[in-house]
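Remarks on the overall topology
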Amino acid sequence: MRARRFLAPAALTAAIALMAGCATGDPSTDPVDPTTAPPADAGSFTLYSGRDEALVQPLIDQFTAETGIAVEVRYGNTAELGALLLEEGEATPADVFLSQDAGALGALSAADLFAPLPDDIAGAVPQGFTSTDGSWVGVTGRARVVVYDGERFTEAELPNEIDDYVDGDFAGSLGIAPGNASFQSFVTAYRVIDGEGDAEEWLSDLDARGYEVFENNRAILAATNDGVLDAGLINHYYWFAQAAEVGADNMRAQLKFLEAGDPGSIVNVTGAGILAGSAENEAALAFVEYLVSEEGQRYFVEQTFEYPLVPGIDAPEGLPSLESLVNPELDLSDLDDLATTQELLARLGFI
Amino acid sequence: MTTIVRATEPTVTGTRPPVGLVAFAVVAAAAAAIPLVYLVVRAGETGLATIIQTLSRGRVLEYAANSLGLALAVTATALVLGTAVAVVLTRIRVPFPRSWLLLSSLPLAVPSYLAGYGWLVSFPSLSGFVPSWLLLAAVTTPYVTLPVAAALRSATGDLEGVARSLGRGPIGAFFVATWPQVRPAAIAGSLLVALYALSDFGLVAMMRFPTLTWGINSAYAASFDRAQAATLALLLVVMALVVVAGERGARRQLPRTTARAVRPRTISRGMLVSLLPVVAAAPVVGVAVPLLGLGTRLVQADTLRAVDVPRLLGAIGATVGVAVAAAVLAVLLALPIAALAARYRGRLVSAIESVGYLGHALPGIVVGLSLVFFALAVVPALYQSVVVLVFAYAVLFMPKAIGTMRAGLGEVPPRLIAVARTTGASPLTAWWRVTVPLALPSLGVGALLVAIATMKELPATLLLRPTGINTLATELWNRTVVFEFGAAAPYAAVLVLIAAVPAMILSGVRSTAKEEL
């Protein structure tokens, strides 16, 4: 009888087996190419990557080829993986977390989920671009920039200071992603640099002049590039990622770097940490070390157009130097205080 | 052709359901309640004061009102449009009725985020309530069209003709004669639409219409505040329970009639042409325009590269595999709940059924995290295995099977079971031998709906999949986040094509096997 076969528990088991077969039978998901894999005793570890596969996997393959260490990677977006790691707690299968923003790293650090990094790794990146307690290390930097519609404006028409975007000097539409970590760390930086009162005034002025809300940086860039938004606040690297896909000459959106020291030009960092249970995992340690090695840093410069954080390595061509963007008064660890920023944004009706 | 349908006895009320059935239903409801337990635990950790503070802060109430308004508008639109399309395609002689019904089913295969993305390619300035409403309505209308068309085709009488001959206008006649017969199907479909609209994040994010799911996401993404996210998600649960209760109220008393099938009416060519926009609206808005947009992006992409065929095949295999497994498991879990709700009333039955619907009202990230929590606490060995992933799909999409299966099981005449009992069969044997086979089409519909939804699911898949396993949805996500539209397009196309297969099968299924009685 058809009904019986359809409902038999065996069908479920068979379906799961079928699927498992399909999935493991796919050679391309195997992180190590068997023909080049060095001895198996080189060790292995599990990486949770909040950075995209297309950008990170070549670096991991390079690492594996050099060290023989097998890396099992779980890709996801940084926010979801951060929530996942908090949920997993000590039971996590992950050894290393590679994060798209410092907020997620700070949250995991605050929950005591990271093992302290050895000094040579934690100290590879200068103060201000990494954790203050050595719980995670900064890997790359992304500058906050203004993206604008290059067909409607010239670079000179755009103000050099973030204040002038809200006090009447700039009349175009302005897009922000108030729920996004990078916008919130900009607001935090504003509070730290110019004080609570000025930060609130800036937001009130923004509210008064009007703004367009987006879910993330990518959507702001897309809208600007499509000519439906005049300008928006994003991280620089999204522009380069899209330019790599469609060709830089075809980009309608253009970037404006604000004046050095302005809260609108802060640098957000990506970073990595080792989970508490994996402090003794040499393979995991070797990978984090590789991220802040010259080779790892160069990879990000050349492939993702991000700022290297280790001294002595040049920024991507065509970008202002990291030093010119850094505000000496701003300690990145001050940006941990997202809660106050979120309360402010909530009170003013942004989130 | 004349179809003979027997009158169904009214739902048994006042009798106690068998203990065994209740036990199975409670187990299934417990599975569906995992996200709720998780949310209560997480929100409870902060205490009442923080919960109140979270609910009263910033734009939370505005988000909630947006969620509610969107769900209402989408549901009303899908209900009216879906019913209208079903009536046109079954009651009016249109050219190629089967093809039209098949076309009407296709929006089911398009994930909401893909529909949103496709529209934005051609019309980048779209944003806010109206596009969110129209697009969600387009991709959810088949949830109403298909069951109503099935109900209309299966068996109803030409009471409408009678009503019209008694002087009613066409619309009046429809409400008097036909609506009561398709109402259960239409309302059950509308419930799925409402829950879909409440839980959707992908489309509202693209259309920049901030709803509660948007708030939940940014609570995770920017604040890493799980308690705050849980509180907002509980607000969503409350809304869902209101919707489910509303559906139960609206579903009541099904008038049954013995009658003959209706021949499609012939109407003038001009009338037919004027009906075209009604029938074509959902497929055009939900399928044609988005796919056209994606196609344009594909042509524009500089980095059009060769498709990694083994990888694509791997993703297809994983997608089909999890979808089949999830469909089977979701139907198994939904079966006792549907069987209980089909025949019995009472508080316990209502509670069990309501809980069964919860998973579908929550965004995937919440259900995904709740199963991380559950799996690590209860079956750590199975964590990040396919078993937990499939279980999560079943929790998320079981509601898609409950309604249709309840209707299917409810329409099997109890008299037949009584006859089987007189031959000495036990209640369970009688149910298994008589009821289940007769309701099999409805079980199939439930399974297909779950399979389609599973293929498109993204957030829970990202959280729970075994490391290294990719479905078409995760592969698509992988590529669009880095702007690789050229590389993403084949995955998008294959995803829609594969999900279209069960959708097309659905368009041909009848609600019950009445003709075989």
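Values in this document were obtained by computation on a predicted structure and should not be read as measured data. (Residues numbered from 1 in each chain as written. Chains lettered and ligands numbered in written order. Predicted model: local features only at pLDDT ≥ 70, side-chain atom pairs only at ≥ 80, totals over all residues.)

**Some details on the overall build of chain A**
Secondary structure summary: chain A contains 14 helices and 11 strands in total. For chain A, the proportion of contacts with a sequence separation of at least 24, taken over those separated by at least 6, is 77%. (Helix = DSSP H or I, 4+ residues; strand = E, 2+ residues; numbered from the N terminus. Contact = placed C-beta atoms within 7 Å.)

**Description of helix 8 (residues 196-209) of chain A**
Residues and elements named next belong to chain A. Taking 1.5 Å as the rise per residue, helix 8 with 14 residues should run 20 Å; its terminal C-alpha atoms sit 20 Å apart, in good agreement. Considered for burial, the residues of helix 8 that qualify are A199, W202, L203 and L206. Within helix 8, the buried residues cover an arc of 95 degrees as seen down the axis, which keeps them to one side. Opposite its buried face, helix 8 presents the exposed residues G197, S204 and A208, each directed more than 90 degrees away. Against the buried residues of helix 8 lie helix 7 (181-194) and helix 14 (338-347). Looking one or two residues past helix 8, G210 carries a phi angle of roughly 100 degrees, positive in sign. (Expected span 1.5 Å × (residues − 1). Buried ≥ 20, exposed ≤ 12 C-beta atoms within 10 Å, placed from the backbone. Arc of directions from axis to C-beta.)

**As for the confidence of the model for chain A**
Scored by pLDDT, chain A has a mean of 84; 86% of the residues are at 70 or more. Taken together, the stretch residues 1-38 of chain A has pLDDT below 50 and engages in 56 contacts with residues farther than four places along the chain or on a different chain. (pLDDT = per-residue confidence, 0-100.)

**Thoughts on the domain arrangement of chain A**
Residues and elements named next belong to chain A. Structurally, chain A comprises domain 1 (32-140 + 268-319) and domain 2 (142-267 + 326-347). Each of domain 1 and domain 2 was reduced to a C-alpha centroid, and the two centroids are 27 Å apart. The interface is formed by 13 residues belonging to domain 1 together with 18 residues belonging to domain 2. Secondary structure elements with two or more residues in the side of domain 1 that touches domain 2: helix 5 (102-110) and strand 10 (267-275). The dominant element in the side of domain 1 that touches domain 2, judged by the number of residues it contributes, is helix 5, at three residues. Here the side of domain 1 that touches domain 2 is built from residues that sort into five nonpolar, six polar and two charged. (Domains from an automatic or database assignment. Nonpolar A, V, L, I, M, F, W, Y, C, P; charged D, E, K, R; others polar.)

**Description of the nonpolar core**
Residue and element names in this part refer to chain B. Ranked by size, the top nonpolar core spans 290 residues in total, and within it A326, A330 and A334 carry the most contacts. Per-element tally for this core: the top contributor is helix 15 (residues 309-343), with 24 residues. Beyond its immediate sequence surroundings of up to four residues, A334 is in contact with A28, G356, M398, A401, I402, M405 and G446. (Core = buried A, V, L, I, M, F, W, Y, C linked by C-beta atoms within 7 Å.)

**Details of the environment of R248 of chain B**
Looking at the element boundaries, R248 of chain B is found in helix 13 (residues 226-251). As for R248 of chain B and A188 of chain B, which are separated by 60 residues in sequence, their C-alpha atoms are 9.0 Å apart.

**A closer look at the pairing of strand 5 (residues 137-149) of chain A**
All names here are of chain A. Burial of strand 5 is extensive: 13 of the 13 residues sit out of reach of the surface. In this sheet, strand 10 lies alongside strand 5 in antiparallel orientation, the contact comprising six bridges. Within the sheet, the bridge partner assigned to A143 lies in strand 10 and is V267. Here two bridges tie strand 5 to strand 11 (residues 307-308), and the two strands are oriented antiparallel to one another. (Pairing = 2+ DSSP bridges.)

**Concerning the confidence of the model for chain B**
All names here are of chain B. When pLDDT is averaged across chain B, the result is 85; 89% of the residues are at 70 or more. Confidence, expressed as mean pLDDT per element, reaches its minimum in chain B at helix 9 (residues 159-165) with 69 and its maximum at helix 7 (residues 129-140) with 96. In the model, residues 1-13 has pLDDT below 50 throughout and makes 26 contacts with residues more than four positions away in sequence or in other chains. Within the model, pLDDT remains below 50 along residues 511-517, and this stretch shows 25 contacts once partners closer than five positions in the same chain are excluded. The ipTM for the predicted assembly is 0.84, set against a pTM of 0.85.

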